[in-house]
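Fold and contact review
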Amino acid sequence: MGTAHAKAILIGEHAAVYGAPAMAIPVLDAVANARLAPAERGILETELYRGPVEGAPSGLTPVIIALHHALQRVGYPTGGASLAVTSNIPMRRGLGSSATVAAAVVDAVVAATGIQLDQWTRWELVQEAETVAHGTPSGIDAAAVLASGPIFYRRGQSQSVPVGGDGFTFVLADTGEPSSTATAVARVRQRRDHKPAFVDSRIEKLADLTHAAAEACQAGSVHLVGAAMNEGQEALRDLGVSCDSLDRLVESARDAGAVGAKLTGGGMGGCIIALAPTGGADALAAVLRTSGATRTWISTMEAAA
């Protein structure tokens, strides 16, 4: 068995594509599980498809890539495995569904063969699957789904971010509308082609806010993290990747007392992330569901001991 959790980008999405930093957190209640067993021929079992690997639809190619590359890395035949995958992470919502499944598959291979892989190799294998899924991913999803806490990520390098104060509690809310990272990235790139100075200024702003959020996280400042999130949302709106459904949930979260709220992930649908006031996460989640969110998750970052 292999298990991996989802992620949410706290700040810096889209800027990371251009080499700027981004910060992500784990979403531990949203998980994917992979079960690997010996078989005479490759078999794949998912909610979308059950049958021989060679007959799987193209949408499952990243899963197959993760399996085959991981098996090759540990020296196990790629044709002699049955893989069953389950996940409670909605697809195309900016929560790293494809990366999480790939990470679960890689860890299932590790568990089945007993051959350990270092963190860099695990990231590399997940990133290979992500490249098939998204084209030119920044690598933050692959890093975040393998991390146990918040990370600061830039150009393929990630480092843990210590959590200070009393910690932070976030509420994630799903608009119910699918998001396409590739489409959103293409929109920003097109806008940059026409207005390079305008877009670059927003990317630089997001980079500055990412540094500020990481420092505020270490200091335990809920107010400063929330302020960075709010400013980040405005920069993302300027880049054209927010939308009416995201804006409505962001506004509802702030009206309900969220310290900060913004979209998370590619945008143009998907989810928002809101920083809850102390003791107010459950109430905030309830308000967001009443405001149209199809589901919510609560993610807590505990302060370092």
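Use the structure listed above.
**Quick look at helix α7 (residues 222–238)**
With 17 residues, α7 should cover 24 Å at 1.5 Å per step; its first-to-last C-alpha distance of 25 Å lies within 8% of that length. Those residues of α7 that sit buried are Val225, Gly226, Ala228, Met229, Gly232, Gln233, Ala235 and Leu236. Residues of α7 that are buried sit in contact with β1 (2–11), β8 (168–174), α6 (196–219), α8 (244–255), β9 (260–264) and β10 (271–275). Remark: glycine 240 follows α7 within two positions and exhibits a positive phi of approximately 85°.

**Some remarks on the nonpolar core**
In this structure, Leu36, Leu44, Val63, Leu83, Val105 and Val126 are the most contacted members of the largest nonpolar core, which totals 47 residues. For this core, the secondary structure elements donating two or more residues are β1, β2 (22–38), α1 (61–74), β5 (81–87), α2 (97–113), α3 (119–134), α4 (140–145) and β6 (151–154). Those residues in contact with leucine 36, other than ones at most four positions away along the chain, are Leu67, Leu71, Ala81, Ser82, Leu83, Ala108, Val109 and Ala112. Core analysis: the second largest hydrophobic core is formed by 30 residues, Ala173, Ala207, Leu263 and Ala274 among them.

**A closer look at the pairing of β10**
In terms of burial, β10 is a largely internal element, five of the five residues being buried. Going residue by residue along β10, you find Cys271, Ile273 and Leu275 tucked away on one face and Ile272 and Ala274 tucked away on the opposite face as well. For β8 and β10, the ladder comprises five bridges, and the chain directions are antiparallel. By the bridge assignment for β10, aspartate 174 is matched with cysteine 271. Pairing of β9 with β10 involves five bridges; the strand directions are antiparallel. Along β10, the bridge assignment pairs threonine 264 with cysteine 271. The antiparallel hairpin formed by β9 and β10 contains six residues in its connecting segment, where glycine 265 sits at a positive phi of about 95°.

**Brief notes about the sheet that holds β8**
Strand order in the open sheet formed by four strands is β9-β10-β8-β11, with antiparallel pairing between adjacent strands. Of all strands in the sheet, those bounded by a partner on one side alone are β9 and β11 (295–301). Strand-to-strand twist in this sheet, taken as the mean axis angle between neighbours without regard to direction, amounts to 20°. Inspection of the sheet shows β8 paired to β11 by seven bridges, in the antiparallel sense.

**Topic: the packing of aromatic side chains**
Evaluation of the coordinates by the stated rule reveals two aromatic pairs. A ring pair is formed by tryptophan 120 and tryptophan 123, whose centres lie 4.9 Å apart and whose planes are at 20°; its orientation type is stacked. Remark: tryptophan 123 and tryptophan 120 occur in helix α3; sequence separation between them is three residues, near one turn of the helix. What makes tryptophan 123 buried here is its relative accessible area of 14%. On the basis of an interplanar angle of 20° and a centroid distance of 6.5 Å, the ring pair of phenylalanine 168 and phenylalanine 170 is categorised as stacked. The residues phenylalanine 168 and phenylalanine 170 share a single accessibility class, namely buried. A cation over an aromatic ring shows up here: lysine 195 above the ring of phenylalanine 198, its NZ or CZ 5.9 Å from the ring centre.

Analysis parameters
- Residues numbered from 1 in each chain as written.
- Predicted model: local features only at pLDDT ≥ 70, side-chain atom pairs only at ≥ 80, totals over all residues.
- Heavy atoms only, no water.
- Helix = DSSP H or I, 4+ residues; strand = E, 2+ residues; numbered from the N terminus.
- Expected span 1.5 Å × (residues − 1).
- Buried < 20%, exposed > 50% of the residue type's maximum accessible area, 1.4 Å probe, protein only.
- Contact = heavy atoms within 4.5 Å.
- Core = buried A, V, L, I, M, F, W, Y, C linked by side-chain atoms within 4.5 Å.
- Pairing = 2+ DSSP bridges.
- Axes fitted to C-alpha atoms, helices over the stretch in contact; angles between N-to-C directions.
- Phe/Tyr/Trp six-rings, centres within 6.5 Å; stacked < 30°, edge-to-face > 60°.
- Lys NZ or Arg CZ within 6 Å of the ring centre and 35° of its normal.

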